Amino acid sequence: MSGYFKDNDPMNFSSQISVLFPKTGISLTGLPHNIYAILSRSEYNKLSSDKKLAVDTKVLTKNQANSYANLFRRAAARNTIPWILGPAGLLPGVGTVISITTSTLDGLYRLAGASAISAGCMAVLMAEGGRFTKYYSLAIDPSYGELLVIMVFYQVSIGKENRMYGVYSAKYALKVEGS
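This report concerns the structure included in the present document. Within each chain, residue numbers correspond to sequence positions counted from 1 in written order. It should be noted that, the model being predicted, local features are given only for residues of pLDDT at least 70 and side-chain atom pairs only at 80 or more, the latter also being counted only at that level, while totals for whole chains, interfaces and linings use all residues. Derived side-chain values reflect all non-hydrogen atoms in the structure, with water molecules and hydrogen atoms excluded from consideration.

### Side note on the pattern of salt bridges
As a working rule, side chains carrying opposite charge can pair if their charged atoms are close by. Any Lys or Arg side-chain nitrogen found within 4 Å of a carboxyl oxygen on Asp or Glu counts as a salt bridge. For the structure shown, the criterion picks out 2 salt bridges. The partner of Glu-161 in a salt bridge is Arg-163, with the nearest N and O atoms 2.5 Å apart. When accessible area is computed with a 1.4 Å probe and restricted to protein chains, residues below 20% of their type maximum are described as buried, those above 50% as exposed, and intermediate ones as partly exposed. What makes Glu-161 partly exposed here is its relative accessible area of 29%. With its nearest N and O atoms 3.8 Å apart, the salt bridge here joins Lys-175 to Glu-177. With relative accessibility at 39%, the residue Glu-177 sits in the partly exposed group.

Put into structure tokens, the structure is as follows:
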């Protein structure tokens, strides 16, 4: 269904997605709050295969980490971010489970419960070598049909502990182009 769009962007992070992930194979079009995603047939086939999940990662330099720390400091008084802890080797599996069971950060908030952190804490966690990871997959909505789900997480190691924080999610109506 053209024009379906829902996002959860407590940190006003959506403007950073194209900066972090410039080559996604996804185009967005439409008016604000009436946006839909356009995928090439080859990208769609990747997502509709057995993998059902695509991942794009950006590892931060020291300067980039400082820039994102400032972004989260500005948002510090407004919101919390869901926190999910898991071994680094399990993170893609965690992402798959999250995208299937929750689809947006609304569901992550329910899963995180007392583990949510403030944006001020998030600013402190920005570090060289930390990474933003974008997961995207397909989901079926009973009312709107097939949708593209995008979720962005920040992953960082603190000592021997690996942490993953959900910072953005969105669902888009989907149009597939090409043969």
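Moving on from the coordinates now.
### Some points on the nonpolar core
For soluble globular proteins, the rule of thumb is that nonpolar side chains tend to be buried together. Only buried residues count toward a nonpolar core, which is a set of Ala, Val, Leu, Ile, Met, Phe, Trp, Tyr and Cys residues joined through side-chain atoms within 4.5 Å. Core analysis: the largest hydrophobic core is formed by 38 residues, its most contacted members being Phe-13, Phe-72, Met-126, Phe-132, Leu-148, Tyr-154 and Tyr-172. Secondary structure elements are taken from DSSP: a helix is a run of H or I of four residues or more, a strand is a run of E of two residues or more, and numbering for both begins at the N terminus. Only helix H1 (14–20), strand E3 (34–40), helix H2 (41–48), helix H3 (62–74), helix H6 (119–125), strand E8 (131–141), strand E9 (145–158) and strand E10 (161–177) provide two or more residues apiece to this core. Ranked by the residues each element gives to this core, the list is headed by E10, at 6 residues. Beyond its immediate sequence surroundings of up to four residues, Tyr-154 is in contact with Leu-60, Met-122, Leu-125, Met-126, Ala-127, Gly-130, Arg-131, Phe-132, Arg-163, Met-164 and Tyr-165. Listed in part, the 7 residues of the second largest apolar core include Tyr-135, Val-149, Phe-153 and Met-164. It only takes one pair of heavy atoms within 4.5 Å for two residues to be counted as in contact.

### A closer look at the packing of aromatic side chains
Centre distance and the angle of the planes are the two values used to describe a pair of aromatic rings. Ring pairs are drawn from Phe, Tyr and Trp, using the six-membered ring of Trp, whenever the two centres fall within 6.5 Å, and their geometry is named by plane angle: stacked under 30 degrees, edge-to-face over 60, tilted for the rest. Using the criterion set out here, one finds 3 aromatic pairs in the structure. For the pair Tyr-135 and Phe-153, a centre-to-centre distance of 5.4 Å together with 80 degrees between the ring planes defines the contact as edge-to-face. Placement of the pair is Tyr-135 in strand E8 and Phe-153 in strand E9, with a sequence separation of 18 residues. According to the relative accessible area criterion, Phe-153 is buried, its value standing at 0%. Through pairs of rings, three or more aromatic residues link up here, namely Tyr-68, Phe-132 and Tyr-154.

### Focus: the environment of Ser-27
The residue Ser-27 is located in strand E2 (residues 26–31) in this model. When its relative accessible area of 40% is taken as the criterion, Ser-27 is described as partly exposed. Separated by 10 residues in the primary sequence, Ser-27 and Ala-37 have C-alpha atoms spaced 5.7 Å apart. The residues contacting Ser-27, other than those within four sequence positions of it, are Tyr-36, Ala-37 and Ile-38.

### Side note on the environment of Met-164
Mapped onto the elements, Met-164 comes out in strand E10. The buried category is assigned to Met-164, whose relative accessible area is 0%. Along the chain, Met-164 and Phe-132 lie 32 residues apart, while their C-alpha atoms are 9.3 Å from each other.

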